Amino acid sequence: MTMTFDPMAHPRSGNGQFADKLGSDPEVALAYMEGGNGFPAPQADRLDKVAVAVDAVAAGCETPDSIAESLGMTQSRNGHMYGDAAGYLGLIEVINENPKHYGLTPLGEQFIEMEPDQRSAMLNTLVADSDIVQTYNDRGDGGVEELLEERGYSGETVTRRAQTAA
């Protein structure tokens, strides 16, 4: 079955689950929700590994540890980075916060059914349409750093995540 990705059929909304989590500062939650489906700004630099994270979740690897293992990495931190990056793009969502478990979104379900070239096209579109990359394209590193600082990031975190946008 051949499927094509129509970005207009999958608008990227800012309605992530982040605002409903206990202990979340409402102002921080709103800032996160402005882009990224309730996920933090990504620091995962490899789109191929973002795709593997989506495949891993589809195969039942729903935790950061199991995603990291599917990526051939040993640190749970890497599973969080790539899982959250896929979530930022709207492909997966958090279905349980403690302990963290991911599940596919309808867009993620469509993604796993696509042919490789269609998956690449979808990833490229989702990345290009993300607020952080659009900010980079419009205003460069400085613009991304300002955006991240407005969202509550500071120090090296701003630099690392701005590098990801670049």
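Residues numbered from 1 in each chain as written. Predicted model: local features only at pLDDT ≥ 70, side-chain atom pairs only at ≥ 80, totals over all residues. Heavy atoms only, no water.

Draft legend 1. Here's a closer look at the pattern of salt bridges. Applying the stated criterion across every chain yields a total of 5 salt bridges. Close ionic contact of Asp55 with Arg119 constitutes a salt bridge, the shortest N to O distance being 2.8 Å. Residue Asp55 is found in helix 2 (residues 47–58), and its partner Arg119 is found in helix 6 (residues 116–129); the two are separated by 64 residues along the sequence. Residue Asp55 is classed as partly exposed on the basis of its relative accessible area, which comes to 31%. Asp131 is the partner of Arg151 in a salt bridge, and the nearest nitrogen-oxygen pair spans 2.3 Å. A residue pair is termed long-range when its members are at least 10 positions apart, and Arg151 in the loop between helix 7 (131–150) and helix 8 (155–165) and Asp131 in helix 7 qualify at 20 residues. Judged on exposure class, the residue Arg151 and its partner Asp131 are both buried. (Salt bridge = Lys/Arg side-chain N within 4 Å of Asp/Glu carboxyl O. Helix = DSSP H or I, 4+ residues; strand = E, 2+ residues; numbered from the N terminus. Buried < 20%, exposed > 50% of the residue type's maximum accessible area, 1.4 Å probe, protein only.)

Draft legend 2. Examining the packing of helix 7 against helix 8 more closely. Packing of helix 7 against helix 8 leaves a shortest axis separation of 9 Å and a crossing angle of 175 degrees. With respect to helix 8, the element helix 7 is oriented roughly antiparallel. Contact with helix 7, carried on its side by Ile132, Val133, Tyr136, Asp141, Val144, Glu145, Leu148 and Glu149, involves Val158, Arg161, Ala162 and Ala165 of helix 8 and no other residues of that element. (Axes fitted to C-alpha atoms, helices over the stretch in contact; angles between N-to-C directions. Parallel < 35°, antiparallel > 145°, perpendicular 65-115°, else oblique. Contact = heavy atoms within 4.5 Å.)

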